[in-house]
Amino acid sequence: MVCCSLGLSTILVSSNVNAADPFTQFYNQACVPEAKKAGLNENEAKEGCNCTIRSLKKKYSSQAFSTLYNKYRAKDGKARQTLTKFGETCFQAIFDNILFDS
């Protein structure tokens, strides 16, 4: 019974994560749109943002990232700088591919 219950809970949790997950919100509402606005195509933006999110998840819990993301949305310069630093390495690799692999 515990096994089945655990399996069901896992399914329920994973289907609800995207709705309130701050990482997903940041990805959809900030990272991808800003990357596209900067001139990247859809695939390049998603690639860079996926990498950025993986990096952020290594450093922050959902709760801690939610706090950081709320500060970012409130126009906190330090929060923006922190998020930008996480994306720099990921997006630099994409820019290098665009410039040197063409």
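In this numbering scheme, every chain counts its residues from 1 along its sequence in written order. The predicted nature of this model means local features are confined to residues of pLDDT at least 70 and side-chain atom pairs, given and counted, to a pLDDT of 80 or more, with totals for whole chains, interfaces and linings taken over all residues. As a convention, hydrogens and water are excluded, and side-chain values are obtained from all of the structure's heavy atoms.

Asker: Can you break down the environment of S62 residue by residue, with the values?
Answerer: With respect to the helices and strands, the residue S62 is situated in helix 4 (residues 62–73). Only protein chains enter the calculation, and the probe is 1.4 Å; a residue is then buried if its accessible area is under 20% of its type maximum, exposed if over 50%, and partly exposed in between. Judged by relative accessible area, S62 falls into the partly exposed class, the value being 38%. Between the alpha carbons of S62 and D21 there is a distance of 7.1 Å; along the sequence they are 41 residues apart. Those residues in contact with S62 that sit more than four places away from it in its chain are D21, P22 and F23. Where helices and strands are cited, they refer to DSSP runs of H or I of at least four residues and of E of at least two residues respectively, numbered from the N terminus. Whether two residues are in contact is decided by their heavy atoms, any of which lying within 4.5 Å being enough.

Asker: Outline helix 5 (residues 77–100), listing residues and values.
Answerer: With 24 residues, helix 5 should reach 34 Å at 1.5 Å per residue; the first-to-last C-alpha distance of 32 Å fits that figure. Two axes enter the definition of the bend at a residue: one is fitted to the seven residues ending there, the other to the seven starting there, and the bend is the angle between them. Of all the bends in helix 5, the greatest measures close to 40° and is centred on E88. Within helix 5, burial applies to A79, L83, F86, G87, C90, F91 and I94. Looking at the buried positions of helix 5, the neighbouring elements they touch are helix 2 (22–37), helix 3 (42–59) and helix 4. What a helix is expected to span follows from its residue count: subtract one and scale by 1.5 Å.

Asker: An account of the nonpolar core is requested, with residue identities and associated values reported.
Answerer: Each nonpolar core is a collection of buried residues, namely Ala, Val, Leu, Ile, Met, Phe, Trp, Tyr and Cys, held together in the definition by side-chain atoms within 4.5 Å. Of all hydrophobic cores here, the largest spans 22 residues; its most connected members are F26, L56, Y60, F65, Y72, L83 and F91. Going through the elements one at a time, helix 2, helix 3, helix 4 and helix 5 are the ones with two or more residues in this core. The element contributing the most residues to this core is helix 2, with seven residues. Excluding anything up to four places from it in sequence, Y72 contacts F26, A30, E34, A79, R80 and L83.

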